[in-house]
Amino acid sequence: MKRAIFPGSFDPITLGHYDIIKRSVKLFDEVIVAIGINADKKYMFSLEERLRFIEEAFKDEPKVSVVTYKGLTVDFCQKNNVEFILRGLRNPADFEFEKAIAHTNRDLAPIETVFLLTAASTSYISSSIVRDVIRNNGDYTKLVPKSVRVK
C-alpha cells in the first residue's frame, strides 16, 4: 500500500493545496493531510478550524485522511509506515527550498519526496496571500475550497 503524507500548516487550505491533494489520490492508496503544530507560529485559524476546513473539503474522498502532528515529518512517517512525502511546487523558489528539505529528510530516513507542480490556475495562491486578502476584507472565496468560511 502506497501511503503519502502532505504536511503543512494549511492556514488556511487553498485551492492550490486542494488541487495537489485531489491529483495525488490517483497516485497513492492513501493521502494523509498532516497539519504540523508549531507552538512558535501565530496562526489566523485555530487548529480545530483548519482540521474542519480540510475534513469537510474531502469528506467524500475515502483515500484522504487528516491528522495533526508535532516534530519532524520523517519521524511521523517512520512511526506511521508512510513511504512518501508529497509537496506542491508553485515556482522555482519553492523548488529550491523544498529540494533542500527533501535532501535533509532523505539523510534522516528512507523517505522519498514526491513533487507535484501546481496547476497554472492556482500557482499564484499561497496561504499568506489568502490571509492578507481576509485581513483586508477582500473576496477570499475565489482562493480557497468552499469549506473555508471566515466569521
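Bear in mind the structure is a predicted one, so any value in this text is a computation, not a measurement.

One broad rule of soluble globular proteins: the nonpolar side chains tend to lie buried together. Ile13 and Ile54 are the most contacted members of the largest nonpolar core, which has 29 residues in total. Only β1 (3-8), α1 (15-24), β2 (30-36), α2 (47-57), β3 (64-69), β4 (84-89) and α5 (127-135) provide two or more residues apiece to this core. For this core, the leading source of residues is α2, giving four residues. Other than its neighbours up to four places away in sequence, Ile13 contacts Tyr18, Ile21, Phe53, Ile54, Phe58, Val144, Pro145 and Val148. With 11 residues, the next largest nonpolar core counts Ile32, Cys77, Ile85 and Ala109 among its residues.

A few words now on the sheet that holds β1. Spatially, five strands are ordered β3-β2-β1-β4-β5 in an open sheet, and the strand pairing comes out parallel. Every other strand in the sheet has two partners, leaving β3 and β5 (112-117) as the edge strands with one partner each. Along the sheet, successive strands turn relative to each other by an average axial angle of 30°, direction set aside. Pairing analysis gives two bridges linking β1 to β4, with the strands arranged parallel. Across the sheet, residue Ala4 finds its bridge partner in β4, namely Phe84. Packed onto the sheet, α1 meets β1, β2, β3, β4 and β5 and runs at close to 115° relative to β5. The strands that α2 touches are β2 and β3; relative to β2, the one it contacts most, it runs at about 160°.

What follows is about the layout of surface pockets. Roughly 990 Å³ of internal volume is contained in the largest pocket. As for the largest pocket, its lining consists of 37 residues, of which Pro7, Gly8, Ser9, Arg87 and Glu98 are closest to the centre. Looking at the lining of the largest pocket, the elements with two or more residues in it are β1, α1, α3 (73-79), β4, α4 (92-108) and α5. By residue number, the principal contributor to the lining of the largest pocket is α4, which donates eight residues. A class-by-class count of the residues in the lining of the largest pocket yields 15 nonpolar, 16 polar and six charged.

Now for α4. The periodicity of an α-helix, 3.6 residues per turn, causes residues three or four positions apart to be oriented the same way. Spanning 17 residues, α4 covers 25 Å between terminal C-alpha atoms, matching the ideal 24 Å at 1.5 Å per step. When α4 is considered as a whole, its buried residues turn out to be Asp94, Glu98, Ala102 and Asn105. Summarising the axial view, the buried residues of α4 lie within an arc of 65°, below the 170-degree limit, and thus occupy one face. Structural note: α4 exposes Pro92, Ala93, Phe97 and Asp107 on the side pointing more than 90 degrees away from its buried face. Close packing links the buried residues of α4 with α3, β4 and β5. If you check the start of α4, you find a side-chain oxygen 3.1 Å away from the backbone N of Ala93, and it comes from Asn91.

The final tally for this structure, using the stated rule, is eight salt bridges. With a shortest N-O distance of 2.8 Å, Glu98 and Arg87 are connected by a salt bridge. Pair noted here: Glu98 is in helix α4 and Arg87 is in strand β4, with a separation of 11 residues, a long-range link. One salt bridge in this structure joins Glu96 and Lys99, with 3.5 Å as the shortest N-O distance. Here the residue Glu96 and the residue Lys99 both occupy positions in helix α4, the gap between them amounting to three residues, near one helical turn. According to the relative accessible area criterion, Glu96 is partly exposed, its value standing at 47%.

Each value, and the rule that gives it
- Throughout this description, residue numbers start from 1 for each chain and increase along the sequence as written.
- Restriction of local features to residues with pLDDT of at least 70 applies here, the model being predicted, together with a cutoff of 80 or more for giving and counting side-chain atom pairs; totals for whole chains, interfaces and linings are based on all residues.
- The side-chain quantities take in all heavy atoms of the structure and omit both hydrogens and water.
- The criterion is simple. A nonpolar core is a set of buried Ala, Val, Leu, Ile, Met, Phe, Trp, Tyr and Cys residues joined through side-chain atoms within 4.5 Å.
- Only protein chains enter the accessibility calculation, which uses a 1.4 Å probe. A residue is then buried if its area is under 20% of the maximum for its type, exposed if over 50%, and partly exposed in between.
- Starting at the N terminus, helices and strands are each numbered in turn, a helix being any DSSP run of H or I of at least four residues and a strand any DSSP run of E of at least two.
- Contacts were defined at the residue level, with two residues in contact if any of their heavy atoms lie within 4.5 Å.
- In this description, strands pair whenever DSSP reports at least two bridges between them.
- Here an angle of 0 to 180 degrees is reported between the N-to-C directions of two axes, which are lines fitted to C-alpha atoms, with helices fitted over the stretch in contact.
- For cavity detection a 1 Å grid was placed over the protein atoms alone, and a set of points counts as a cavity when a 1.4 Å probe fits there but cannot get out; an open set counts as a pocket when protein lies on both sides within 12 Å along at least five of seven lines, with lining residues being those that have an atom within 4 Å of a point.
- Grid points are joined across faces, edges and corners, and a volume is the space filled by probe spheres set on the points.
- Ten residue types, Ala, Val, Leu, Ile, Met, Phe, Trp, Tyr, Cys and Pro, are classed as nonpolar, four, Asp, Glu, Lys and Arg, as charged, and the remainder, Gly among them, as polar.
- One fewer than the residue count of a helix, multiplied by 1.5 Å, yields its expected span.
- The arc in question is the one traced by the directions running from the helix axis out to the C-beta atoms.
- Any pair of nitrogen or oxygen atoms within 3.5 Å is treated as a polar contact; in protein, a donor-acceptor pairing is required on top of that, and neighbouring residues in sequence qualify only through side-chain atoms on both sides.
- Note on definitions: salt bridges are taken to be side-chain nitrogens of Lys or Arg within 4 Å of carboxyl oxygens of Asp or Glu.

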